[in-house]
Amino acid sequence: MENGYSFAVGSLIISLSVITTWGIMLVLTLTAWLSTRRLTLFPGAIQTVVESIVAAIDEAILAVAPEHGRQIMPFIASLWIFLTIANLVSLIPGLHSPTRDLSVTSALAVLVFFSVHWFGIKTQGLKKYLHHYLTPSPILLPFHIISEFTRTLALAIRLFGNMMSLEMAAMLILLVAGFLAPIPILMLHIIEALVQAYIFGMLALIYLAGAIQSQQLNSQE
Amino acid sequence: MEFNTTTFILEIINFLVLIWILQRLFYKPILGTIAKRKQHIDQSLEEAKKLHDEAEEQRKLYENRQQLWEQEKKAAQSELHQQFEAERSTQLEKLRSELEQERQKAKVTLTRQQEEFQQQVEKQALENGARFAGLLLQQTAGPEVENRLVAMLIDELNALPETAKISFQATDTKKSLNVKVTSAYPLTTDLVQQLEQKLGQLITRPMSFQYQQDSALIAGIRIDIGAWVLHANVGQELAGFAEIAYESE
């Protein structure tokens, strides 16, 4: 029912955020397919740009998690790419960012939450992974558990709050200042969108790297 | 700000699907291409390194060969130098020998030329001496000298060896013998008598004497007795003196 742009499939109500997400997925899929149709060893301009993006993301992930970076790369890279596009979608007149919807940011945060445990258990085993909650002292176990939930909640709320407030602020400034303000606001919007996407993805990367390498860090200590 | 469960669940599914799509269509091909390129570059670098190593090996091999060639060249040069030295010594020795021979020849030739020159000079001196003596005697000679020469001839006829006397006796005793007496000055009657008497003692056959004068004799006489000629004159003595020079050559 949000902003009147939604439809129902049986008992399911498809919100505007989901529709926008599908649109973003479609664009990303087409872009990915078109840009990787004719990959060569001697790249052209488009291939160079695409390779540069992927290589930059890969290097950033490997810098944080050198040993298991390739395992978590698809998840983190997809987060960065999706969030960047999703945050910038609101620049197109008539569209809204899916990330101004708490359901969307919560879904992503929950995915990060489960991914942390999934990759942690996958790389270390269940016993070793759970053991890290008891280090350096079992007394800290409740705090570890609380931390897991609060940081997931913080992820969802941070992104949602920033994007929603950004759109609201932009709308208010447009109402007050008319047509003189849009360009600086748009610039601010772009920067904020990129920063928020980067923060969300980087925090997710740090959480994942921490879960994967916790046993290693403990053994080193 | 309301939370929609359907949206929440669909977004989770959407994102998982998006990860799968991007992994299949985007990350995997691009990372694969980058890996291939890296592999290609590594392979090229490896080939370049291999080529570099081969080139280095070839260079070392070439340097070793060049060093060997240099040693062989030096050895060949040394051998050639020794051969040259030996050949040069041989040729030099040969040349020295030839020069010595030439020098000896030149020395002999020079000595011979000097001897010839000396002989020629001596001969010339003798001839000059004879001519000067002739001129001097022509001016100083006179009848007295001639008389003394005739007297000397008569004395020498007395002192002739027996073999010479026998040769005069062996001639034909019946046939008359012409005796031609040539003098530079007219002979005195006394000398003529002594001369005929002395020749009559030596020659037993009849003789016809014929007297004449010849200034070329300078002083003295010449007696022609058939095949025999007796000289007792200055001109003949000077000629004989010159002939000695000729014979000595």
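Residues numbered from 1 in each chain as written. Chains lettered and ligands numbered in written order. Predicted model: local features only at pLDDT ≥ 70, side-chain atom pairs only at ≥ 80, totals over all residues. Heavy atoms only, no water.

1. Quick notes on empty space enclosed by the protein
Residues and elements named next belong to chain A.
Here is step 1: This structure, assessed with the given rule, holds one cavity of 30 Å³ or more.
Here is step 2: Of the pockets and cavities examined, the largest cavity occupies roughly 30 Å³.
Here is step 3: Going through the elements one at a time, α4 (102-124) and α6 (141-177) are the ones with two or more residues in the lining of the largest cavity.
Here is step 4: Looking at side-chain class alone, the lining of the largest cavity contains five nonpolar, one polar and two charged residues. (1 Å grid on protein atoms, 1.4 Å probe; cavity = no way out; pocket = protein on both sides within 12 Å on 5 of 7 lines; lining within 4 Å. Points joined across faces, edges and corners; volume = space filled by probe spheres on them. Helix = DSSP H or I, 4+ residues; strand = E, 2+ residues; numbered from the N terminus. Nonpolar A, V, L, I, M, F, W, Y, C, P; charged D, E, K, R; others polar.)

2. Concerning the pattern of salt bridges
Residue and element names in this part refer to chain B.
Here is step 1: The final tally for this structure, using the stated rule, is 13 salt bridges over all chains.
Here is step 2: With a shortest N-O distance of 2.5 Å, E63 and R59 are connected by a salt bridge. Of the two residues, E63 and R59 are both situated in helix α1 (residues 5-140); the distance of four residues between them amounts to about one turn of the helix.
Here is step 3: By relative accessible area, which is 38% here, R59 ends up partly exposed.
Here is step 4: Between E100 and R103 there is a salt bridge, with its nearest N and O atoms 2.7 Å apart. A residue pair is termed a helical-turn pair when its members lie 3 or 4 positions apart in one helix, as E100 and R103 do in helix α1 at three residues.
Here is step 5: Judged by its relative accessible area of 34%, E100 is partly exposed.
Here is step 6: What emerges from the salt-bridge pattern is a single network uniting E56, R59 and E63. (Salt bridge = Lys/Arg side-chain N within 4 Å of Asp/Glu carboxyl O. Buried < 20%, exposed > 50% of the residue type's maximum accessible area, 1.4 Å probe, protein only.)

3. Considerations on the interface of chain B and chain A
Here is step 1: Facing 30 residues of chain B, the contacting portion of chain A comprises 45 residues.
Here is step 2: Across the chain B to chain A interface the summed buried area is about 3,300 Å²; carbon plus sulfur atoms make up 78%.
Here is step 3: Inspection of the region where chain B meets chain A yields one salt bridge.
Here is step 4: Linking A:E51 and B:R37 is a salt bridge whose minimum nitrogen-to-oxygen distance equals 2.7 Å.
Here is step 5: Here chain B and chain A share nine residue pairs in polar contact (both at pLDDT 80 or more) between them.
Here is step 6: Counted by class, the side of chain B that touches chain A contains 19 nonpolar, seven polar and four charged residues. (Contact = heavy atoms within 4.5 Å. Buried area = accessible area lost by both parts, 1.4 Å probe. Polar contact = N/O pair within 3.5 Å; in protein donor to acceptor, adjacent residues only side chain to side chain.)

4. A short note on the UniProt feature "coiled-coil region" (unreviewed entry) in chain B
Here is step 1: UniProt records the feature "coiled-coil region" (unreviewed entry) at residues 38-116 of chain B, using the numbering of this structure.
Here is step 2: Between the end C-alpha atoms of residues 38-116 of chain B the distance is 110 Å, and the span holds 100% helix and 0% strand. (UniProt positions renumbered as here; feature names shortened; annotations may be inferred.)

5. Description of the packing of helix α2 (residues 143-158) of chain B against helix α4 (residues 189-202) of chain B
Residues and elements named next belong to chain B.
Here is step 1: Running from N to C, α2 and α4 point in directions that differ by 20°, and their axes come no closer than 10 Å. When the axis of α2 is compared with that of α4, the two are roughly parallel. Viewed along their axes, α2 and α4 form a crossing whose handedness is left-handed. For the pair α2 and α4, the contacting residues are N147, V150, L153, I154, L157 and N158 in the first and L191, Q194, L195, K198, L199 and L202 in the second.
Here is step 2: A class-by-class count of the residues in the contact of α2 with α4 yields eight nonpolar, three polar and one charged. (Axes fitted to C-alpha atoms, helices over the stretch in contact; angles between N-to-C directions. Parallel < 35°, antiparallel > 145°, perpendicular 65-115°, else oblique. Left-handed = near helix turned anticlockwise from the far one by under 90°.)

6. Focus on the UniProt feature "transmembrane region" (unreviewed entry) in chain A
Residue and element names in this part refer to chain A.
Here is step 1: UniProt's feature table lists "transmembrane region" (unreviewed entry) at residues 12-34, 72-95, 102-121, 168-187 and 193-212, given in the numbering used throughout.
Here is step 2: Span residues 72-95 is 71% helix and 0% strand, its end C-alpha atoms 31 Å apart.
Here is step 3: Counted over residues 193-212, helix gives 100% and strand 0%. Its end C-alpha atoms are 28 Å apart.

7. Some words on the environment of B:Q23
Here is step 1: Examined against the element boundaries, B:Q23 turns out to sit in helix α1.
Here is step 2: Owing to a relative accessible area of 30%, B:Q23 belongs among the partly exposed residues under this scheme.
Here is step 3: If we ignore the near neighbours within four places in the chain, the residues touching B:Q23 are A:P74, B:K28 and B:P29.

8. What to know about the environment of A:L62
All names here are of chain A.
Here is step 1: Take L62: it is sitting in helix α2 (residues 45-64).
Here is step 2: Taking the relative accessible area as the measure of exposure, L62 reaches 27% and is therefore partly exposed.
Here is step 3: The sequence separation of L62 and L174 amounts to 112 residues, and the corresponding C-alpha distance is 42 Å.
Here is step 4: When neighbours within four sequence positions are excluded, L62 is seen to be in contact with G69 and R70.

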